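# Working through the structure, step by step
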Amino acid sequence: MNKSRLHPRNRHQAINGVAYDFLILCKVNPELSQYVGENQAGNPTIDFAISDAVKQLNKALLLHFYQLQFWDIPPQYLCPPIPGRADYIHYIADLLAQSFNGEIPTGKQVKGLDIGTGANLIYPIIGSYEYKWSFVGTDIDPVSISCATQLCKVNPRLTKAIKLRSQDNANNIFKGVINSTDQFTFTMCNPPFHKSAEEALKGSQRKLDNLAATRKGKSESTDKLNFGGQANELWCDGGEVEFICKMVRESTQYAQQVMWFTSLVSKKDNLDIIQAELKKAKAKQVKVVNMGQGNKISRFIAWSFLTHEEQNQWFNVST
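The following paragraphs examine the structure supplied in this document. (Residues numbered from 1 in each chain as written. Predicted model: local features only at pLDDT ≥ 70, side-chain atom pairs only at ≥ 80, totals over all residues. Heavy atoms only, no water.)

### Regarding helix α4 (residues 122-130)
- Within α4, nine of the nine residues are buried, which leaves it mostly tucked inside the rest of the structure.
- Residues of α4 that are buried include every one of I122, Y123, P124, I125, I126, G127, S128, Y129 and E130, and no others.
- With its phi angle positive at about 60 degrees, K132 sits one or two positions after the end of α4. (Buried < 20%, exposed > 50% of the residue type's maximum accessible area, 1.4 Å probe, protein only. Helix = DSSP H or I, 4+ residues; strand = E, 2+ residues; numbered from the N terminus.)

See below:
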């Protein structure tokens, strides 16, 4: 795999080495214009160490590529990179195609459950546009649910495609948000990566230091909120490996209600522990899907308690 290459269906491919068409993006979101400058190669760019610049870029991408009329998030809430989030959606589509004779299933009968949808609502926005899927987004944070609800209200395209449910118990992931009559084609999750607030802060500082090193030698202070996020978005006891293992254990209770469970895994070294947990849970299928984004390889893990043959009958059973 060429690790710098996004998924072939991803709308955010670089053209002639240029990642973004800022002329178009500034037209749909004029607030972005104030942050656009040139990089060392003379191409237009923004300073990714400035939180509002990143937010305005994301807003422009969502307005232009996904036909939103409005998008915003509160200060200090997680502002995810759109191209990488789109990749997760496209690779899930490929995963589903493997269960449907090579054809990607589209339409509202494909139902996704987004665990920790956040105030940004990124995955349902992209998935409902690209494949016309329907979504349930869940979150433990009332502000995130409120903001996501507002995004749906002001964007008619989202109103019919997305439902939101609050997770009221911090000890649960699926319990309390999957009802007895629900059938989900897939679940997805961007879990909190870090084990503590201190670890999360160190991770953010490393990113800021890396950005500062590429800013033509600029030494002025960077915006520490660029990689912002609420505590529940960034860290939990045990970090991502414990969160995902907990998700695996809970998923056994919904084995017949979900065709594919999935979660991003930021650290490759965590895969062995997660796969051991899946073996204990007696998952019938387990897949690790690598995704090339920028200068790194990211991945998600997928598991199912259904055989391939049972998955082929999914829509006959669930609709």
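### Regarding the pairing of strand β4 (residues 134-139)
- Counting buried positions along β4 gives six out of six residues, so the element sits mostly inside the fold.
- Across the two faces of β4 the burial is the same, with S134, V136 and T138 and F135, G137 and D139 all buried.
- As paired elements, strand β3 (residues 111-115) and β4 share five bridges and run parallel to each other. Considered in β4, the bridge of D114 is made with G137.
- Read as a crossover between parallel neighbours, the route from β3 over α4 to β4 is right-handed.
- Bridge analysis of β4 against strand β5 (residues 162-166) gives five bridges, and the strand direction is parallel. Paired with F135 across the two strands is I162, which belongs to β5. (Pairing = 2+ DSSP bridges. Right-handed = clockwise from strand over helix to strand, strands pointing away.)

### Comments concerning the nonpolar core
- Within the largest apolar cluster, 58 residues are counted, with the highest numbers of intra-cluster contacts made by W71, W133, F186 and F300.
- Of the residues forming this core, the biggest block, nine residues, is contributed by helix α3 (residues 82-98).
- Among all residues touching F186, those that are not within four sequence positions of it are I92, L96, V110, K111, G112, L113, W133, F135, V258 and W260.
- Core analysis: the second largest hydrophobic core is formed by 26 residues, I178, F184, M247 and I301 among them. (Core = buried A, V, L, I, M, F, W, Y, C linked by side-chain atoms within 4.5 Å. Contact = heavy atoms within 4.5 Å.)

### Quick notes on unusual backbone geometry
- Positive phi is not limited to glycine here, since Q76 has a value of about 70 degrees.
- Along the chain, Q76 falls in the loop between α2 (51-65) and α3.
- A positive phi angle, close to 65 degrees, is found at K282, a residue other than glycine.
- Assignment of secondary structure puts K282 in the loop between α10 (271-281) and β8 (285-293).

### Examining the packing of aromatic side chains
- Counted by the stated rule, this structure contains 13 aromatic pairs.
- Ring centres of Y131 and W133 lie 4.7 Å apart, and the angle between their planes is 25 degrees; on these two criteria the pair is classed as stacked. Across the pair, W133 and Y131 agree in class, each one buried.
- Look at W133 and F135: their rings are 6.5 Å apart centre to centre, the planes differ by 50 degrees, and that puts the pair in the tilted class. Judged on exposure class, the residue W133 and its partner F135 are both buried.
- Ring pairing ties together the aromatic residues F174, Y254, F261, W303 and F305, which thus form one cluster. (Phe/Tyr/Trp six-rings, centres within 6.5 Å; stacked < 30°, edge-to-face > 60°.)

### Digging into the pattern of salt bridges
- For the structure on display, the rule yields eight salt bridges.
- Taking the shortest distance from any N to any O, the salt bridge between E130 and R11 comes out at 2.7 Å. In this pair, E130 sits in helix α4 while R11 sits in the segment before α1 (22-28), placing the two residues 119 residues apart along the sequence.
- A salt bridge links E277 to R249, with the nearest nitrogen and oxygen atoms 3.5 Å apart. Residue E277 is located in helix α10, and its partner R249 is located in helix α9 (residues 239-251); the two are separated by 28 residues in the primary sequence.
- On the basis of relative accessibility, which here comes to 13%, the residue E277 falls in the buried class.
- Take R249: its relative accessible area is 37%, and that puts it in the partly exposed class. (Salt bridge = Lys/Arg side-chain N within 4 Å of Asp/Glu carboxyl O.)

### Description of the environment of Q109
- Considering the arrangement of structural elements, one finds Q109 in the loop between α3 and β3.
- With a relative accessible area of 36%, Q109 lands in the partly exposed category.
- Along the backbone, Q109 and S134 are 25 residues apart, and their C-alpha atoms lie at a distance of 7.1 Å.

### Quick word on the packing of α9 against α10
- Between α9 and α10, the shortest axis-to-axis distance is 9 Å and the interhelical angle comes to 15 degrees. One finds that α9 runs roughly parallel with respect to α10. Crossing hand, α9 versus α10: right-handed. Of α10, the residues touching α9 (which contributes V241, I244, C245, V248 and R249) are I273, I274, E277, L278 and A281.
- In terms of residue class, the contact of α9 with α10 is made up of eight nonpolar, no polar and two charged. (Axes fitted to C-alpha atoms, helices over the stretch in contact; angles between N-to-C directions. Parallel < 35°, antiparallel > 145°, perpendicular 65-115°, else oblique. Left-handed = near helix turned anticlockwise from the far one by under 90°. Nonpolar A, V, L, I, M, F, W, Y, C, P; charged D, E, K, R; others polar.)

### Considering the side chain of N58
- As for its placement among the helices and strands, N58 is situated in helix α2.
- Setting aside residues no more than four positions away along its own chain, N58 makes contact with W71, C79, P80, P81 and I82.

All we've got here are geometric facts, nothing functional implied.
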